[in-house]
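Residues per chain are reported as follows:
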Amino acid sequence: MYRRLGGPQGRSGQVRKISPPPGFDPRTVQPVGSRKQINVWSDIGLLVVVVVVVVVIAAVLLIVVVVVVVVVLVVVVVAK
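If you're wondering where the values come from, they're calculated on a predicted model, not measured in any experiment.

What counts, and where the lines are drawn
- Residues numbered from 1 in each chain as written.
- Predicted model: local features only at pLDDT ≥ 70, side-chain atom pairs only at ≥ 80, totals over all residues.
- Heavy atoms only, no water.
- Helix = DSSP H or I, 4+ residues; strand = E, 2+ residues; numbered from the N terminus.
- Areas by Shrake-Rupley, 256 points an atom, 1.4 Å probe, with all protein chains shown as cover.
- Patch = residues over 30% accessible without salt bridge, like charges linked within 9 Å, V, L, I, M, F, W, Y side chains within 5 Å.
- Salt bridge = Lys/Arg side-chain N within 4 Å of Asp/Glu carboxyl O.

A. Structural view of the overall build of the protein chain. Broken down by element type, the protein chain carries one helix and two strands. Walking the protein chain from its N terminus toward its C terminus, one meets helices and strands in the order β-β-α. If you sum the accessible surface of the protein chain, you get close to 7,600 Å²; carbon and sulfur atoms cover 72% of it.

B. Broad picture of a nonpolar patch on the surface. Nonpolar side chains collect at one region of the surface, where I44, V48, V52, V56, V60, V64, V68, V72 and V76 lie side by side and expose about 710 Å² of accessible area between them. With respect to the helices and strands, the residue V56 is situated in helix α1 (residues 40-79).

As structure tokens, then:
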């Protein structure tokens, strides 16, 4: 039946046995090395970097707003 379904065959037409690749556990049906290791410290480090970047961007925007307000006030005062 396997041969009729078009399974792997050698030149002789006989069905070849396929061995699983190294590192593959056929009982779990997933590669052994694919399980993700959770590293809390690297996740915290990434969070710290994101927070620092957001704070820096917010500070730069605040400085820009303050400079624009000061320039507008100076222009208004000088224009009077």
